[in-house]
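A structural walkthrough
Okay, here's what each chain looks like letter by letter:
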Amino acid sequence: MHFTSTRNDLQVTAAQAIAQGISSEGGLFVPSEFPAVSAQELQKLVRMNYKERAAALLSGYLTGFTPEEIEYCVNGAYTGTFDNDRPAPVYSLDKERHILELWHGPTCAFKDLALQILPFLLTVSAKKSAPDKTIVILVATSGDTGKAALAGFADVPGTKIVVFFPQNGVSPMQQLQMTTQKGSNVAVCAIEGNFDDAQTGVKKIFGDAAMQKFLQDKKMEFSSANSINFGRLAPQIVYYFSAYCDLVRDGKIKLGDSVNVAVPTGNFGNILAAYYAKQMGLPVKKFICASNKNNILTDFLTSGVYDRNRPFYTTSSPSMDILISSNLERLLYHLCGNDAKTTAKWMTQLSKTGRYEVAPEILAKIKEEFYAGFCDEESTQETITELFKNEKYLCDTHTAVAVKVYADYRKAAGDTTPCIIASTASPYKFATAVLSAIDTEAIPEDGFELLEKLSAVSGTPVPAPLSGLKSQEVLHKSCVKKEEMAEFICKFL
Ligand SMILES: *Cc1c(COP(=O)(O)O)cnc(C)c1O
């Protein structure tokens, strides 16, 4: 097992891939093989708790890590950080729909599952591959990654973290979560632009020679906590196995039964982790890729044409407001037979013209594995309303997109295979949209009154990490143009 780049045939270790984050020519690190999980091993996982499952599955990829190091990472990430020490519980709506709740962590969104462990993976990796260097984490966020990364990295020795978010592209609650972050090694900055501007800016800084020199002189090294880092992807594989094992343990499916997986998708990281789980042996029949009104993935997965020359919409599910889904590059690489040249060609076309088209045989492979659909703003609201009315289940806007697209798939394909539906955020994180879907009265303007009202109307408790924000001071007030991002970083470092 080694790691290679999607755009180059180089070979690196797991530790190098994680410490570096992204390959120097712009490609993404991918494993050279998928560690197989046999039926017998799957049976063993059923009897384990989440941490044990995580250690067993991660060890297949982290080949240079000792068992003690893996245990240290897993224990550090998943002890005392999630409600009831259950990082990824499954709530079954009925026999077919199983909601995988990924929002019981410190920031109430699914990115906690990976970002609680990434600082541990990264510091262990850096010790092996770049001793004595300070790791500088650069993050572009559409909302949830930023806070989850800040929470994971705050005051971790040997690291610094800089987070950029689009000024008008995150919810007020998300913004407050980030701008109140404490820690001697953290910086948070708004940029004038959307998420793609932030992400493109960060990618540019990674590749900038002058910045590299600046860091070298300071004995620092950039790394990424965005989902392009393999250290983000690997921990996400775990919860798909875990959900499957829970369903077996609870007698809802039998070991070996197939499941479908539906994921509300933006940067394609979460759904790619499910795809990796299948390559390792998890019996997944169909991946249901759910988009919001920014439906570039729906178009690509059904036509083979990726074309970002289209309007960008700000929606009620902002963490999916994305026109460049970075992790798709990894899927393409695997589908074209680990062909770095072809992948690099597509990515060059994407950056030059905003468009590329895959060959018919690649599209055929995609269609075999993926169903893609999207859900507009109105249907998102309706889905939240109906789910609450009919099932007494409160879900956020992103989850609603997945529930709706799954329902469309179920209707179109008549496929009754049980489905694991990824629920990616607490409804309290997007309280305005959620409350207006279940209650027609006036929506309070104050964010905290809003949480209280949602709690009263729905009969569910406000998550402690959100109610606790009320008493916290805003510490980060900078806002810069996208051309000024590098300057902001240099000043902070
Ligand atoms: C990040 C995020 C997504 C999208 O996940 P990707 O891995 O980028 O596809 C969906 N929902 C929420 C709440 C998120 O924070």
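The structure contained in this document is the topic of the report that follows. Given the structure is predicted, the values throughout are model-derived calculations rather than measurements.

1. Looking at the site of the ligand
In the vicinity of the ligand lie 15 residues, with K111, D144, G266, N267 and T424 positioned nearest. Within the contact set of the ligand, an oxygen atom lies 3.1 Å away from a backbone nitrogen or oxygen of F268. Between the ligand and T424, the relevant distance is 2.8 Å, taken from a nitrogen atom to a side-chain nitrogen or oxygen of the residue. For the ligand, the protein covers 98% of the area, taking 380 Å² as the surface of the free molecule. Split by residue class, the shell around the ligand holds five nonpolar, eight polar and two charged.

2. What to know about the pattern of salt bridges
Any two side chains of opposite charge can pair if their charged atoms end up close together. Inspection of the entire model under this criterion finds 19 salt bridges. Here D299 and R310 are joined by a salt bridge, their closest N and O atoms 3.0 Å apart. You can see D299 sitting in helix α13 (residues 296-303) and its partner R310 sitting in the loop between β12 (305-307) and α14 (328-335), a full 11 residues away along the chain. According to the relative accessible area criterion, R310 is partly exposed, its value standing at 27%. The residue K404 makes a salt bridge to D408 at a minimum N-O spacing of 2.9 Å. With K404 and D408 both in helix α18 (residues 397-413) and four residues apart, the pair spans about one turn of that helix. Connected through shared salt-bridge partners, R53, D246, R249 and D250 make up one network.

3. Let's talk about the sheet that holds strand β15 (residues 419-423)
Across the sheet, which stays open at both edges, the six strands sit in the order β4-β5-β15-β10-β11-β14 with mixed pairing between neighbours. Strand pairing shows two members of the sheet lacking a second neighbour, β4 (90-92) and β14 (370-374), which therefore form its edges. The average undirected angle you get between the axes of adjacent strands in this sheet is 25°.

4. A short note on helix α2 (residues 39-46)
When α2 is considered as a whole, its buried residues turn out to be L42, L45 and V46. Take α2 and look down its axis: the buried residues cluster within an arc of 105°, on one side only. In the core, the buried residues of α2 are packed alongside α3 (50-59) and α11 (230-249).

5. So, helix α15 (residues 340-353)
Between the first and last C-alpha of α15 there are 20 Å, a value that for 14 residues agrees with the 20 Å anticipated at 1.5 Å per step. Where α15 is concerned, the buried positions are A340, T343, A344, W346, M347 and L350. The buried residues of α15 occupy one face: seen down the axis, they fall within an arc of 160°. Pointing more than 90 degrees away from the buried face of α15 are the exposed residues K341 and K352. Measuring from the backbone nitrogen of K341 back to the side-chain oxygen at the start of α15 gives 3.1 Å, which picks out D339 as the cap. Two residues or fewer past α15, G354 is found with a positive phi of approximately 80°.

6. Some words on the side chain of T159
Tracing the sequence through the fold places T159 in strand β7 (residues 159-166). Of the residues examined, T159 reaches a relative accessible area of 5% and is grouped as buried. Beyond its immediate stretch of four places on either side in the chain, T159 contacts T123, T134, I135, F153 and N185.

The rules behind each value
The written sequence of each chain sets the order in which its residues are numbered from 1. A pLDDT threshold of at least 70 governs which residues receive local features in this predicted model, and a stricter bar of 80 or more applies before side-chain atom pairs are shown or counted, although totals over entire chains, interfaces and linings include all residues. Hydrogens and waters are ignored; side-chain quantities use all the structure's heavy atoms. Nearness here has a simple test: a residue counts as near a molecule or strand if at least one of its heavy atoms is within 4 Å of that partner. Polar contacts here mean pairs of N or O atoms no more than 3.5 Å apart (in protein, one a potential hydrogen donor and the other a potential acceptor; neighbouring residues in sequence count only if both atoms are side-chain atoms). Method for areas: the Shrake-Rupley scheme with a 1.4 Å probe, in which residue coverage is limited to the protein chains shown. Classes in brief: Ala, Val, Leu, Ile, Met, Phe, Trp, Tyr, Cys and Pro nonpolar; Asp, Glu, Lys and Arg charged; the others, Gly included, polar. Criterion for a salt bridge: a side-chain nitrogen of Lys or Arg within 4 Å of a carboxyl oxygen of Asp or Glu. Runs of H or I in DSSP of at least four residues are treated as helices and runs of E of at least two as strands, each being numbered from the N terminus. In this scheme, a residue with accessible area under 20% of its type's maximum is buried, one over 50% is exposed, and one in between is partly exposed, where area comes from a 1.4 Å probe on protein chains only. Paired strands, in this sense, are two strands between which DSSP finds at least two bridges. The axes used here are C-alpha line fits, helices contributing only the stretch in contact, and every angle between their N-to-C directions lies in the interval 0 to 180 degrees. Think of the arc as the fan of directions from the helix axis to the C-beta atoms. The contact criterion used throughout is that any non-hydrogen atoms of two residues lie within 4.5 Å. In this analysis, the expected span of each helix is defined as 1.5 Å times one less than the number of residues it contains.

Such coordinate-based values are descriptive only and should not be taken to indicate function.
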